[in-house]
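Spelled out from the first residue to the last, the chains are:
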Amino acid sequence: MGGNSPCASCKLLRRRCAKECIFAPYFPADDPYKFAIVHKVFGASNVSKMLQEIPVHQRADAVSSLVYEANARARDPVYGCVGAISYLQDQVSQLQMQLAAAQAEILCVQMQQQDKQQEALATSDYQLLLDDAEIEKSLFLQNNLPQLLNFTSSNSSVIYDSFKKESLYGHDMVS
Ligand SMILES: [Zn+2]
C-alpha cells in the first residue's frame, strides 16, 4: 500500500495507490485476479462505495463475500450464488428425505424384532403352560391312577363276580 508498489486495484485501474487507498488492505498486488473479478462483476467504483459505507472491521468480510459472489456470477451468469444456494438446498432436502426413509426402515426392523421377541416369549409361555398342564396331568394320574385302576379292577371283578355267580347259578342249574 502506498509507496512504489500499488495494490492490485490501483495497478489494474492504472492509478497511483494513495496512502489511504480503500482497496489496498483487501486487494494485495500478489493476487490480481481477486480484484479483477470483483471489478468485472460489480465495478470498481461500486466496490469503493460499498466499502466506504460499512465499518472498517466489517470490510474484510464484505470483500470476501463480494469475491465469492463475483466468482459465482462468473460461473453461473444467470443465478450466481443463488444457483449454488438452491443446489445445496436441494441436496439438503434430498438428504433429509433419505434420512427420514432410513429412520423409518430402522423403526420397521425394530418393530419386527419386537414382534419376534414377543412371539418367542408367547411361545415359551405357552410351552410353560403346556409343561404345567403335563405336570398336573401326571400328578393327577399319580394320585388317582391306583383308584382308577381299583375302580376298573373292582368293576371288572364285579362283572367277573356276577359272571361267576351266573355261571355258578348256571352250573348249579345244569348240575
Ligand atoms: Zn490502491
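Residues numbered from 1 in each chain as written. Predicted model: local features only at pLDDT ≥ 70, side-chain atom pairs only at ≥ 80, totals over all residues.

### So, the overall build of the protein chain
Reasoning step 1: Along its length, the protein chain carries five helices and zero strands.
Reasoning step 2: Taken from N to C terminus, the helices and strands of the protein chain fall in the order α-α-α-α-α.
Reasoning step 3: Across the 175 residues in the protein chain, those meeting the buried criterion constitute 10%.
Reasoning step 4: Excluding contacts between residues fewer than 6 apart, the proportion of contacts in the protein chain whose partners are at least 24 apart in sequence is 38%. (Helix = DSSP H or I, 4+ residues; strand = E, 2+ residues; numbered from the N terminus. Buried ≥ 20, exposed ≤ 12 C-beta atoms within 10 Å, placed from the backbone. Contact = placed C-beta atoms within 7 Å.)

### A few points about helix 4 (residues 56-75)
Reasoning step 1: For helix 4, which comprises 20 residues, the first-to-last C-alpha distance of 29 Å matches the rise-based estimate of 28 Å (1.5 Å per residue) to within 8%.
Reasoning step 2: V63, L66 and A70 are the residues of helix 4 that are buried.
Reasoning step 3: Contact partners of the buried residues in helix 4: helix 2 (32-41) and helix 3 (44-53). (Expected span 1.5 Å × (residues − 1).)

### Some points on the confidence of the model for the protein chain
Residues shown with low pLDDT carry predicted positions that ought not to be read at fine detail.
Reasoning step 1: Residue-level pLDDT values for the protein chain average 84, and 79% of them are 70 or greater.
Reasoning step 2: This model gives residues 152-170 a pLDDT under 50, and the stretch forms zero contacts once residues within four places in sequence are excluded. (pLDDT = per-residue confidence, 0-100.)

### Observations regarding the nonpolar core
When a protein is soluble and globular, its nonpolar side chains tend to lie buried together.
Reasoning step 1: Ranked by internal contacts, the top residues of the largest apolar core, which has 14 residues, are C7, F23, F27, F35, V38 and L66.
Reasoning step 2: Taken together, the elements giving at least two residues each to this core come down to helix 1 (8-13), helix 2 and helix 4.
Reasoning step 3: With three residues, the single largest contributor to this core is helix 4.
Reasoning step 4: When neighbours within four sequence positions are excluded, F27 is seen to be in contact with C7, A8, S9, K34 and F35. (Core = buried A, V, L, I, M, F, W, Y, C linked by C-beta atoms within 7 Å.)

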